[in-house]
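Listed below are the residues making up each chain.
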Amino acid sequence: MKKAFNRFQEFCVSFIMNSPGKTLGAFFFFTIALGLGITQLKTDFTYKVWYNDNDPLMNLYQEFEKNFGNDDSVIVGVYSKDGIFTKESFQLIDELTNDLYQVDNITRVDSILNFHDIKASGDEIDIQPLVPEGSIEELSRQDLQNIKLRALNIEILQGSLVNKAGDFAIINAQVRPAHDNPPDYQKMTERVDAVLNKYKNKSPQIQLMATGPVILTDAFRSITLSDMALLGPVLYGIFTLILIFLYRRVSGVLLPYAAITFCSVMMLGTMGFLGLSINTLTAAAPTILMTVALADAIHILTVYYLAKRNNFTSDQALKRTLNKNFYPTLLTTITTALGFLSFFDAKVKPVAELGVAVGIGAVYAWFSAYALLGPLLAYLPRFEKKSEEAVSKHPMGVEREIIPAQRSYKFADWILKHKILILVCAFLSGLGGLYFAKNLVVNMDPTEQFPAGHPVIKGYNFIEDKLGYVASIEMFISASSPEGAKDPEFLKKVERLEAWLNERPYVTNTLSINNYIKKINQAFHGGNENYYRIPPTSEHVAQELLFYSMGLPPENSIENRINAQRDAVRLTVNWDIKGSLESNEKFELINQKAKEFGLNAKVTGKTPLFHDLTPYIVDSFLSSFSIALFTITLALMLIFQSIKLGIFAMIPSVLPLMIGGGVYALSGNQVDMGTVLVASVCMGIAVDDSVHFMFAYRRLIGRKGMRETLANIISNVYPSLFNTTLLLALGFSVFVLGDYEPNAKFGVSVAITLIFAVICDFLVLPAALAVFDPDSKKRPEK
């Protein structure tokens, strides 16, 4: 196998150096062919992007959607310190309600102005809006007071459309069902913003705030695109400064950017051909790939320019860098790709897509480093102003190393002298990291994915302050027989579940068809409070529902509470729980309690869909980490053809994860959508430095002995390891400048872990080899 590898390396290097034009031609043809896929690349920031099409949670929600319509909505909060029950506030709510009806994809708008109440007057029953249409200007102060008293005593309105203080109201604009054609959330949000701005200017004393699933969904889109627009230029600026500092020449800046650009084009094109989309997570793929691709370029250029500074000719320097880096960079590409591709079967769809995209992109980065940078470096001397250096006196071969500096020997001696102390410190650090990391939990809060001052957060906080809840969940409750939702026994079971829910301290209120049925029944009995209850027979229920439905306009149908087939009902629960950890516990408890009441009920809705990602994230972490650990270790053993060297190479990859996990736990943060990627990604990237170290170690240890080998590695390998780690750490830490919090946590966590990793490569790996590897004890060959 080793001979086959060597022949393959020799063929590739020889072809690049002897036929740079053909190599470039093939590279550009391949790039253009893949780049055409960009035309098929689409964006998707809807809720459906997080789940696979056949996911049972998604199937449940789609069934709910078919029966009751979408629970997506635009929620507009209206606050007036003078109270909502004034002519001015009524006029604004009325006009705003009508304007929201004109927004595309909005099918229903509920507010206190168009709420249809049931009034019993003697033997007559009236179903009419709380505020009669066109009567606002004619309302007297007493009329307004009567409407206020009436509204604040209607259970259906309490906590859903108006608060108890009477100074805050909600306008709830419901969106059409998405099915396979989701609404354009961006256009809807822009239109809603335009409508609100009109009224903010018209009535500045009344505060308006838009929130809800539609606004939240578009916020993910806008924050993602704004982060992309910010982070790309910032990263280019930082990398440019570093490349100038490292190489101090134009080619040292332009060549890496050429590799980055072309491999990014190939990755995005492949994403298009594979049907992957740009979403909240995959939008980070180009930035991540930029960092990975630059690391490959740095390995090539560092060795090339280091050789030139040591009086190598351009051809000698190119041959040296292509040969010296071929298998180390190829293997690091494989390990990096395996780290990302380990997410290929993640249940969280964007996580899987990000892993596939960057995993494939890492391969393209290596291809660009050799098929693009190699030929360009071959042509470079023709464009340099300086004349070609004198040919070195000694023939240049792959095995010749740059003579170690005296400081390299001093550093090597220090490591070998303190090797036991280094290993003890590393062992204790790893144990300490594991001790604290065991307290890490996966917990997501949608309001914590944005900066504190973001409009979405302000909207959620505003509603929480005025109404007491921050989220709503839906329950899809099926009856056991056709038309069974009209059965009083079934409705009473739902009523008992509602009563139990309303006793929970975290539940603000609930709403179901029972609220309407009991109100109708009370009206049918002259408004007698004793009849605010479920009628005794299915026939009574059917008659009362029919009577109420006939008095409603078509757009205010009650079929958003009881389906058209009358075999299922919808129960909405408003609560103050934010995090997914507690939410999922409550989902399980509610489902179990519903079962105890004899109901076939399941929790669903957009909020549960978000929180239900948490167990999927845990599953993704465990499976991806296991896959990455196994495949990367196996790849190292196969390449090095040694079990012990493969295990040694993994030490600086696993130890930093243990330490980094402990540091992250001590910071008080919890694992979310972004940080769940850290372990597998860092393992794939961090092992790269170990691979470069181990390749040099395996080649030199038999001939030079441990001290000479380590000094040689410090002079020849450590510079590129330091440069690439610096670039990787800076590249990932740039995410902290963005507004999307999971990506920021991901970037900082990866950067810190990679710094720990390179320290382990510089200190722990050579110390471990010196203590445990028998080859390090052998005397050097003479």
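Residues numbered from 1 in each chain as written. Predicted model: local features only at pLDDT ≥ 70, side-chain atom pairs only at ≥ 80, totals over all residues. Heavy atoms only, no water.

Enquirer: Explain the overall build of the protein chain residue by residue, including any values.
Expert: Counting its secondary structure elements, the protein chain contains 24 helices and 12 strands. With the principal axes as the frame, the protein chain shows a C-alpha extent of 115 × 50 × 45 Å. Here the protein chain, with 782 residues, has 57% of them falling under the buried criterion. Counted over contacts in the protein chain with a minimum sequence separation of 6, partners at least 24 positions apart contribute 80%. Of the roughly 33000 Å² of accessible surface on the protein chain, a fraction of 58% belongs to carbon and sulfur atoms. The protein chain carries 71 positive and 75 negative side-chain charges, and their two centres are separated by 15 Å. (Helix = DSSP H or I, 4+ residues; strand = E, 2+ residues; numbered from the N terminus. Buried < 20%, exposed > 50% of the residue type's maximum accessible area, 1.4 Å probe, protein only. Contact = heavy atoms within 4.5 Å. Areas by Shrake-Rupley, 256 points an atom, 1.4 Å probe, with all protein chains shown as cover. Lys, Arg positive; Asp, Glu negative; His and termini not counted. Charge placed at Lys NZ, Arg CZ, Asp CG, Glu CD.)

Enquirer: Describe in detail the pairing of strand β6 (residues 168-175), supporting the description with residues and values.
Expert: Across the eight residues of β6, seven count as buried, placing the element largely inside the fold. Summarising the sheet, strand β2 (residues 73-79) and β6 pair through seven bridges and their orientation is antiparallel. Bridge pairing in β6 places V76 opposite I171. In this sheet, β6 lies alongside strand β3 (residues 106-110) in antiparallel orientation, the contact comprising four bridges. Paired with I106 across the bridge in β6 is V175. (Pairing = 2+ DSSP bridges.)

Enquirer: Run through the packing of aromatic side chains, naming residues and quoting values.
Expert: This model, assessed by the stated rule, comprises 36 aromatic pairs. An angle of 80 degrees between the planes, with centres 5.2 Å apart, marks the rings of Y435 and F436 as edge-to-face. Using a relative accessible area of 33% as the deciding quantity, one classes F436 as partly exposed. Centroid distance Y506 to W575: 5.9 Å. Interplanar angle 70 degrees. Geometry classified as edge-to-face. Remark: W575 occurs in strand β11 (residues 568-575) and Y506 occurs in the loop between α15 (488-502) and β10 (507-511); sequence separation between them is 69 residues. (Phe/Tyr/Trp six-rings, centres within 6.5 Å; stacked < 30°, edge-to-face > 60°.)

Enquirer: Let's hear about the packing of helix α12 (residues 406-417) against helix α22 (residues 678-716): which residues, and what values?
Expert: Remark: α12 packs on α22, axes separated minimally by 8 Å, with the N-to-C direction vectors making an angle of 125 degrees. Overall, the two elements α12 and α22 adopt an arrangement that is oblique. For the pair α12 and α22, the crossing hand works out as right-handed. Contact residues: S408, Y409, F411, A412, D413, I415 and L416 in α12; M706, R707, E708, L710, A711, I714 and S715 in α22. Considered class by class, the residues forming the contact of α12 with α22 number nine nonpolar, two polar and three charged. (Axes fitted to C-alpha atoms, helices over the stretch in contact; angles between N-to-C directions. Parallel < 35°, antiparallel > 145°, perpendicular 65-115°, else oblique. Left-handed = near helix turned anticlockwise from the far one by under 90°. Nonpolar A, V, L, I, M, F, W, Y, C, P; charged D, E, K, R; others polar.)

Enquirer: Run through the side chain of E544, naming residues and quoting values.
Expert: For E544, the position within the fold is in helix α17 (residues 538-550). Buried charged residue E544 carries no salt bridge. Nearest counter-charge: R533, at 9.2 Å. E544 has contacts with I517, I520, N521, F524 and P535, leaving out every residue within four places of it along the chain. (Salt bridge = Lys/Arg side-chain N within 4 Å of Asp/Glu carboxyl O.)

Enquirer: Describe the sheet that holds strand β7 (residues 207-211), listing the residues and the values that go with them.
Expert: A sheet is described by the order of its strands in space; here four strands give the open sequence β3-β6-β2-β7, paired in antiparallel fashion. On the outer flanks of this sheet lie β3 and β7, each paired with one strand and no other. For this sheet, the mean inter-axis angle between neighbouring strands, taken without regard to orientation, is 20 degrees. Along the sheet face, helix α7 (residues 213-247) touches β2, β6 and β7 and points at about 110 degrees away from the line of β2.

Enquirer: Describe the sheet that holds strand β12 (residues 600-604), naming the residues involved and giving the relevant values.
Expert: An order of β10-β11-β9-β12 is seen for the four strands of this open sheet, with the pairing classed as antiparallel. Each of the sheet's edge strands pairs with one partner strand only, and the pair in question is β10 and β12. The sheet shows a mean angle of 25 degrees between the axes of neighbouring strands, direction not considered. Two strands pair when backbone bridges link them, and β10 and β11 are joined in this way by four bridges, in the antiparallel orientation. Bridging from a neighbouring strand, V507 pairs with W575 of β11. Along the sheet, helix α18 (residues 580-596) makes contact with β9 (471-478), β11 and β12, crossing β12 at roughly 165 degrees.

Enquirer: With reference to specific residues and values, describe the pattern of salt bridges.
Expert: Counted under the stated rule, the structure contains 18 salt bridges. The partner of E596 in a salt bridge is K593, and the shortest N-O contact between them spans 3.3 Å. Of this pair, E596 and K593 both sit in helix α18, three residues apart, roughly one helical turn. Residue class for K593 comes out partly exposed when judged on its relative accessible area of 22%.

Enquirer: Got a sec to walk through helix α23 (residues 718-733)? Specific residues and values, please.
Expert: Taking 1.5 Å per residue as the helical rise, α23 with its 16 residues ought to reach 22 Å, and the 22 Å between its terminal C-alpha atoms agrees with that figure. Taken residue by residue, α23 has Y718, S720, L721, N723, T724, T725, L727, L728, A729, G731 and F732 as its buried positions. Tucked inside the fold, the buried residues of α23 contact α7, α9 (285-309), α12, α22 and α24 (741-772). (Expected span 1.5 Å × (residues − 1).)

Enquirer: Please give an account of the nonpolar core that cites residues and values.
Expert: In terms of nonpolar packing, the biggest core is built from 260 residues, with F90, L96, I112, I288, I477, M694 and F732 touching the most fellow members. Here this core takes 20 residues from α22, the largest share from any one element. (Core = buried A, V, L, I, M, F, W, Y, C linked by side-chain atoms within 4.5 Å.)

Enquirer: Just give me the short version of the pairing of β7, but keep the residues and values in it.
Expert: Of all five residues in β7, four are buried; the element is thus mostly enclosed. Here five bridges tie β2 to β7, and the two strands are oriented antiparallel to one another. Residue pairing in the sheet places V76 in a bridge with A210 of β7.

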